[in-house]
Amino acid sequence: MKEKYYITTAIAYTSSKPHIGNTYEAILADAMARFKRRQGYDVFFQTGTDEHGQKIEEKAKLAGKTPKQYVDEVSDVIKEIWRTMDVSYDKFIRTTDADHEKQVQKIFKKFYEQGDIYKGSYEGWYCTPCESFWTESQLVDGKCPDCGREVKKAHEEAYFFKMSKYAQRLIDHINANPDFIVPVSRRNEMMNNFLLPGLQDLCVSRTSFKWGIPVDFDDRHVVYVWLDALTNYITGIGFDVDGNHGDLYKKYWPANCHVIGKDIIRFHTIYWPIFLMAMGEPLPKQVFGHPWLLQEDGKMSKSKGNVLYADDLTSVFGVDAVRYYVLDGMPFDNDGLVSWGLMTEKINAELANVYGNLVKRTISMTNKYFGGTVERSGVTEPLDDELKSMATSVYAKVAKDMDDCRISDAIANVFTLLRRANKYIDETAPWVLAKDKATMPRLKEVMYNLTEVIVICASLLEPFMPRTSEEVLSELNTQIREFGDLDKFGLYPDGNKVTEDPKVIFARLDIAEVEKKAEEIAAKYTVKEEKKVEKLPEITIDDFAKIQFKTALVTACEKVEKSKKLLKLSLKVGDETRTVASGIADYYTPEEMVGKKVVLVYNLKPAKLCGVESQGMILCAEADGRVKVVSPEDPTLPDGATVR
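No experiment lies behind these values; they were computed from the predicted model shown.

Looking now at the sheet that holds strand S7 (residues 152–161). The strand order across the open sheet built from 4 strands is S6-S5-S7-S9, with neighbouring strands paired in antiparallel fashion. Two strands in the sheet have a free side with no partner beyond their single neighbour: strand S6 (132–134) and strand S9 (202–203). Helix-sheet contacts for helix H10 (residues 265–279) involve S6, S7 and S9, and the interaxial angle to S7 is about 30 degrees.

Okay, here's the thing in structure tokens:
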């Protein structure tokens, strides 16, 4: 019976199209899954999309779509990118799948009934992009410690999970299993920064938005993102809270490896194991927190026009060249860099000059000197021994690196052999041997050795560059070699014929042409400047002094029946109550407005809007198609305070 191997990626968030830094993870996990399949493992590879949360709700509203319509479209985009990059997953789960949602509700209820979850209220700082709550002390310069973006004060009723109940058990598990979290730097970070100082209870429900899985026994709440998203690794293979597990779960759990980005390692190595402990289920064997792929010229941004997407890169470089770059160019424990220029340099230096050049030269010389026939002559020299020794030992090195999640090192071992083969050509000088009939037998052996090395390398590189390996082996008129046979030299059929017209596997790229294409692609994503607003006539300080601004508290809010854009706000302005009609219904729900502090144009003449007498106007700011209510910086200012 084959040994099983279950590998997962973090599920991609459906807020927008993933850039190459996001796509890298799927390519990485795919290479690991393909390698294990080639080793004879029974592999199950799961990926998917994370589709709930406040950020999705807001994005959908801005797009004029329902959240489900929005995530359906983005999920399809992600699937298409995964397909383009030859990601060979076995299961694509969506957190909007009915069976997943049902199990999440049952898990939440189980935790509540066994006392792991309790109801309370949360007051702290919330980062919408990261879907994370933070205390004042956790903020960095007043901003989210994970992404560096703005946070906002939040107060709401919520359910909490008692993390401290399982903390010591998790600490003991990590100490007893040193490979549970890799690299070791990630393990040290989790232990020293989170577990050892003491865990805070985790917020696991929200009431301030609706786009989530409802808590079935308290419908004011939806399950908060991490309890929803993390459980996909078991719900996707048939986990059932009541114990009626599907065959896939019985077969594949616990997972062998969760492949996830270092930015979400905390959720996967602290929250997720504790959830599993609370369920009484085994923990995954390993969590690999891979580094980031960063833009050479800074953070990817549509406004800068420097966002790199996998489909755009493949249109210029090809699928396998992109796969090779991100896999080989990403160190085990440090961030990698990507840019059009860096990719061009690496493809030229390694894929064209080393790999493609070796294949082209070997096949061309075989055709030129022997009519395309590859034969052994038995005429060997000591020089051959080093090449053969390297060729028969390379698999063991690659396999060790893959077991250690050192994918870049694994590929580097194969390219060391390819470089050695190129050097072997220079050392044996086939063009010299071809000048003398007496040395033709030696030339046959040289060409055989080169062909055999290429077969070994192409077979080893297949998990990383599957299309290229297929093409190279087709050129050599042979099949991919089983990993179990890569410690043997001389299995290429004696007397076999290579193709008569060898292709250029990887052509050298012209950097000027690449840059031109890059500029054309970047232009698609560069945010165009908004049309400049016509400058109004200048006013004097006396004109400005006529306007009276006051702070006000929104105590109630409802939609205006006769309008799609207006909300009717009840404002507390000191001891006075006012009604204001504001055209912000496309950007805020009535529930979101209640409790907000706003700035009111206090002495504006009342006007009737769709049957509502509006006694003033609240200030808003508009940019990039979004409207935000202007609020006083200090939320503790009394209602009715004069704004100067």
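On we go from here.
So, about the pairing of strand S3 (residues 42–50). Of all 9 residues that make up S3, 9 are buried, and the element is covered over most of its length. Two strands pair when backbone bridges link them, and strand S1 (residues 4–9) and S3 are joined in this way by 5 bridges, in the parallel orientation. Each bridged residue has a counterpart across the sheet, and for Thr 8 the counterpart in S3 is Gln 46. Both strand S2 (residues 12–13) and S3 contribute to a ladder of 2 bridges, which runs parallel. Bridged to Ala 12 within S3 is Thr 49. In the sheet, S3 pairs with strand S4 (residues 91–94) via 4 bridges, with the strands oriented parallel. Looking across to S4, one finds that Gln 46 is bridged to Lys 91.

With that out of the way, let us pick up unusual backbone geometry. Residue Val 182 is joined to Pro 183 through a cis peptide bond whose omega torsion reads -5 degrees. Among the structural elements, Pro 183 can be located in the loop between strand S8 (181–182) and helix H6 (184–195). Between Trp 253 and Pro 254 the backbone carries a cis peptide bond, its omega angle lying at 10 degrees. Relative to the assigned elements, Pro 254 resides in the loop between helix H9 (247–252) and strand S12 (257–261). Residue Asn 477 is not a glycine yet carries a positive backbone phi of 60 degrees.

Counting 111 residues, the largest nonpolar core has Met 32, Phe 317, Tyr 355 and Phe 464 as its most contacted members. In contact with Met 32, other than residues within four places in its own chain, are Tyr 5, Ile 7, Cys 257, Val 259, Met 402, Cys 405 and Ile 407. Counting residues in hydrophobic clusters, the runner-up holds 66 residues, among them Met 190, Leu 199, Val 223 and Leu 230.

Evaluated as defined, the whole model comprises 42 salt bridges. Between Asp 384 and Arg 442 there is a salt bridge, with its nearest N and O atoms 2.8 Å apart. Of this pair, Asp 384 sits in helix H14 (residues 382–403) while Arg 442 sits in helix H17 (residues 440–461), and the two are 58 residues apart along the sequence. Lys 488 is the partner of Asp 487 in a salt bridge, and the nearest nitrogen-oxygen pair spans 3.4 Å. Put simply, Asp 30, Arg 34, Arg 38, Arg 323 and Glu 462 are held in one network by salt bridges that share partners.

Another aspect to go through is the packing of helix H13 (residues 340–370) against helix H15 (residues 407–428). What describes two packed helices is the angle between their axes and the distance between those same axes. Interaxial distance between H13 and H15 falls to 10 Å at its minimum, and their mutual angle equals 45 degrees. Of the possible angle classes, the one that applies to H13 and H15 is oblique. As H13 packs across H15, the resulting crossing turns out to be left-handed. Residues Glu 350, Leu 351, Asn 353, Val 354, Tyr 355, Asn 357, Leu 358, Arg 361, Thr 362 and Met 365 of H13 touch H15, and the partners they reach there are Phe 415, Leu 418, Arg 419, Ala 421, Asn 422, Ile 425 and Asp 426. Tallied by class, the residues present in the contact of H13 with H15 amount to 9 nonpolar, 4 polar and 4 charged.

Among the structural elements, Asp 320 can be located in helix H12 (residues 319–328). The charged side chain of Asp 320 is buried without a salt bridge, its nearest counter-charge being Arg 323 at 4.4 Å. With sequence-adjacent residues up to four places away left out, Asp 320 is seen in contact with Met 465, Pro 466, Arg 467 and Thr 468.

Our next topic: a nonpolar patch on the surface. A cluster of nonpolar side chains, Ile 539, Ile 541, Phe 544 and Ile 547, forms an exposed patch at the surface whose accessible area comes to about 410 Å². Note on placement: Ile 541 falls in helix H20 (residues 541–545). Residue class for Ile 541 comes out exposed when judged on its relative accessible area of 66%.

What counts and what doesn't
Residues numbered from 1 in each chain as written. Predicted model: local features only at pLDDT ≥ 70, side-chain atom pairs only at ≥ 80, totals over all residues. Heavy atoms only, no water. Pairing = 2+ DSSP bridges. Helix = DSSP H or I, 4+ residues; strand = E, 2+ residues; numbered from the N terminus. Contact = heavy atoms within 4.5 Å. Axes fitted to C-alpha atoms, helices over the stretch in contact; angles between N-to-C directions. Buried < 20%, exposed > 50% of the residue type's maximum accessible area, 1.4 Å probe, protein only. Core = buried A, V, L, I, M, F, W, Y, C linked by side-chain atoms within 4.5 Å. Salt bridge = Lys/Arg side-chain N within 4 Å of Asp/Glu carboxyl O. Parallel < 35°, antiparallel > 145°, perpendicular 65-115°, else oblique. Left-handed = near helix turned anticlockwise from the far one by under 90°. Nonpolar A, V, L, I, M, F, W, Y, C, P; charged D, E, K, R; others polar. Lys, Arg positive; Asp, Glu negative; His and termini not counted. Patch = residues over 30% accessible without salt bridge, like charges linked within 9 Å, V, L, I, M, F, W, Y side chains within 5 Å. Areas by Shrake-Rupley, 256 points an atom, 1.4 Å probe, with all protein chains shown as cover.

Read these as spatial facts, not as claims about activity.
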